[in-house]
There are 2 protein chains.
Amino acid sequence: MWKLDADRPIYMQIVERIEKQIISGAYGSGDRIPSVRELAAQAGVNPNTMQRAMTELERKGLIAGHRTRGRVVTEDREMIEERRGYMAKEMIREFLWQMRELGFDKEEILPLLRQEVTDDV
Amino acid sequence: MWKLDADRPIYMQIVERIEKQIISGAYGSGDRIPSVRELAAQAGVNPNTMQRAMTELERKGLIAGHRTRGRVVTEDREMIEERRGYMAKEMIREFLWQMRELGFDKEEILPLLRQEVTDDV
DNA sequence: CTTATTGTATTAAGTCATTAATACAATAAT
DNA sequence: ATTATTGTATTAATGACTTAATACAATAAG
């Protein structure tokens, strides 16, 4: 059973989870992805929901599949690397934006972060 | 019309928006909050939805209101400050976690962030 | 006292995500 | 050829969020 919350659509959370696994290399290029039924069982969701997530991942070009061979992670490593950089940049910008919305100044943020990093997590 | 997306419940997004305004001081302690009807018109949502957001903000103790005088931001400045610190810490941890999920090492993150900060946004 | 403002409650309808239960289609494995 | 696996499609039911349209209650303001 995967950790999913009720705040956002489950299929979206699944898409993001698997996308991150692909980007980080947990799923490598060409790796086979478990069947819809198996993933659904693992995640503890309905097969229809998992199917929807798969369709979305295919639309994004992250995975591809033929009829009965199941699905595999795209061989386009460059695209994955691009996506990794893009997501990191977006994440950083979003983080900085959120912190400024809380009233934190640019200069305050780095020290706070450095402390959290050295404290380890 | 406020910037709201369809991914998550609107009332939650409103709660977060106003909570941030309180925490950052855009709404100060004791400040009066516009009426449900007025806020709903501003945001472009149904009054019921805005009402729900208000109820949630009251539950959190961020605002309080009596019958026909409307609502005001809590006078408990200490609580607001605590909440600001807590949210910042959570935000930082979440950010670091997400970056690690993308496969970024602790050491890589700070330089990336420093660059984004100095480039300004 | 009367009126306007504000919070609150109610009922109904529509949309969307999710679950559930099946069924069918294509193909790899035997 | 037969069977099992996998992807895909369909239909129905449920629940949550949202909009809509009102109505009522309390009280500040006149």
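Thresholds applied
Residues numbered from 1 in each chain as written. Chains lettered and ligands numbered in written order. Predicted model: local features only at pLDDT ≥ 70, side-chain atom pairs only at ≥ 80, totals over all residues. Heavy atoms only, no water. Near = heavy atom within 4 Å. Polar contact = N/O pair within 3.5 Å; in protein donor to acceptor, adjacent residues only side chain to side chain. Helix = DSSP H or I, 4+ residues; strand = E, 2+ residues; numbered from the N terminus. Salt bridge = Lys/Arg side-chain N within 4 Å of Asp/Glu carboxyl O. Buried < 20%, exposed > 50% of the residue type's maximum accessible area, 1.4 Å probe, protein only. Pairing = 2+ DSSP bridges.

Visitor: Report on the protein's contact with DNA strand C, specifying residues and quantitative values.
Guide: Close to DNA strand C lie 22 residues; A:I10, A:N48, A:T49, A:T68 and B:R71 are nearest. For DNA strand C, the fraction of protein-proximal atoms (within 4 Å) that sit in sugar or phosphate groups is 64%. The contact in question runs from a phosphate oxygen of DNA strand C to an N or O atom on the backbone of A:N46, over 3.2 Å. Taken together, the elements giving at least two residues each to the surface near DNA strand C come down to α1 (10-24) and α3 (47-59) of chain A together with α2 (36-43), α3 (47-59) and β3 (70-73) of chain B. It is α3(A) that provides the largest number of residues to the surface near DNA strand C, a total of three residues.

Visitor: Give a detailed account of the pattern of salt bridges, specifying residues and quantitative values.
Guide: Residue and element names in this part refer to chain A. Applying the stated criterion to the full structure yields 16 salt bridges over all chains. The shortest N-O distance in the salt bridge between R8 and E16 comes to 3.2 Å. The exposure class assigned to R8 is partly exposed, which follows from its relative accessible area of 23%. A salt bridge links E56 to R59, with the nearest nitrogen and oxygen atoms 2.9 Å apart. With a gap of three residues between them, E56 and R59 both fall in helix α3, about one helical turn apart. Several salt bridges converge on common partners, so that one network encompasses E19, K60 and R83.

Visitor: Please give an account of the sheet that holds strand β1 (residues 32-33) of chain B that cites residues and values.
Guide: Residues and elements named next belong to chain B. The strand order across the open sheet built from three strands is β1-β3-β2, with neighbouring strands paired in antiparallel fashion. The outermost strands of the open sheet, each flanked by one partner alone, are β1 and β2 (63-66). Here β2 pairs with β3 via four bridges, running antiparallel. Bridging across to β3, G65 finds its partner in R71.

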